[in-house]
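Descriptive structure summary
Letter by letter, the chains look like this.
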Amino acid sequence: MKILVLHGPNLNLFGRREPHIYGRTTLAEIDAELAALARELDVELETIQSNHEGALVDFLHLHMDAAQGAIVNPAGLTQHGVPLHDAIKAMPFPVLEVHMTNIAARESWRVHSIISPAVKGTIQGLGRHSYLMGLRAVVALAREAQAQ
């Protein structure tokens, strides 16, 4: 089973960018934890981080027929990523939105996610655990879909 992990713009700065909000955990550390969990769950991960929406869209298109699920932290594309929203809706597998912070408790302009209506569900506000819980959940959903 292949699961996609998409990290949006500026997430390569985790650990350095606003550590009082995002903590000191780096993206490399998150990816390492996800890789360890993927081994435990016996799934393969394909991961991308890009500061460009088109690269994330292309990544979904590339893996559309080979993946069984995805977790996406759209970051700055959360409020305005129409192409990413549309690409997610086209995927034949479950996609979950994850956020390190609780976007509903942040600035008022961050509250609305254009991505949320396109995904199966959202996990947010739990720091790196949002990613780990997202991976566990999307694997469970994908396995349920395969069993049907």
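So, here is what we can say about the structure in this document. (Residues numbered from 1 in each chain as written. Predicted model: local features only at pLDDT ≥ 70, side-chain atom pairs only at ≥ 80, totals over all residues. Heavy atoms only, no water.)

**Things to note about the pattern of salt bridges**
For the structure shown, the criterion picks out 3 salt bridges. K2 serves as the salt-bridge partner of E46, at 3.9 Å between the closest nitrogen and oxygen. Residue E46 is found in strand β2 (residues 44-49), and its partner K2 is found in strand β1 (residues 2-7); the two are separated by 44 residues along the sequence. With a relative accessible area of 14%, K2 lands in the buried category. The residue R128 makes a salt bridge to E33 at a minimum N-O spacing of 2.6 Å. One end of the pair, R128, is in helix α5 (residues 128-147); the other, E33, is in helix α2 (residues 27-41), and 95 residues separate them in sequence. (Salt bridge = Lys/Arg side-chain N within 4 Å of Asp/Glu carboxyl O. Helix = DSSP H or I, 4+ residues; strand = E, 2+ residues; numbered from the N terminus. Buried < 20%, exposed > 50% of the residue type's maximum accessible area, 1.4 Å probe, protein only.)

**A closer look at helix α4 (residues 82-90)**
Buried within α4 are the following residues: L84, H85, A87 and I88. Projected down its long axis, α4 shows its buried positions confined to an angular sector of 165 degrees, all on one face. On its buried side, α4 packs onto α3 (53-63), β3 (69-73) and β4 (95-99). (Arc of directions from axis to C-beta. Contact = heavy atoms within 4.5 Å.)

**Describing the nonpolar core**
Most often, soluble globular proteins keep nonpolar side chains buried together rather than apart. Counting 23 residues, the largest nonpolar core has F14, L34, I71, Y131 and L135 as its most contacted members. Only β1, α2, β4 and α5 provide two or more residues apiece to this core. Sorting elements by how many residues they give to this core places α2 first, with 6 residues. Setting aside anything within four residues of it in sequence, one finds I71 in contact with L4, V5, L6, L34, L96, V98, Y131, G134, L135 and V138. Counting residues in each nonpolar core, the second largest holds 20 residues, with L6, V57, F59 and F93 among its members. (Core = buried A, V, L, I, M, F, W, Y, C linked by side-chain atoms within 4.5 Å.)

**Considerations on the side chain of S130**
Within the secondary structure, S130 is located in helix α5. A polar contact is formed between the side chain of S130 and the backbone oxygen of H99, at a distance of 2.9 Å. If we ignore the near neighbours within four places in the chain, the residues touching S130 are V98, H99, M100, I123, Q124 and G125. (Polar contact = N/O pair within 3.5 Å; in protein donor to acceptor, adjacent residues only side chain to side chain.)

**Examining the pairing of β3**
Among the 5 residues that make up β3, 5 are buried, leaving the element largely enclosed by the rest of the structure. Neither face of β3 is left uncovered, since the one carrying G69, I71 and N73 and the one carrying A70 and V72 both have all their residues buried. Judged from the 5 bridges that link them, β1 and β3 form a sheet pairing that is parallel. Across the sheet, L6 pairs through a bridge with V72, a residue of β3. (Pairing = 2+ DSSP bridges.)

Any functional reading would require information beyond the geometric quantities listed.
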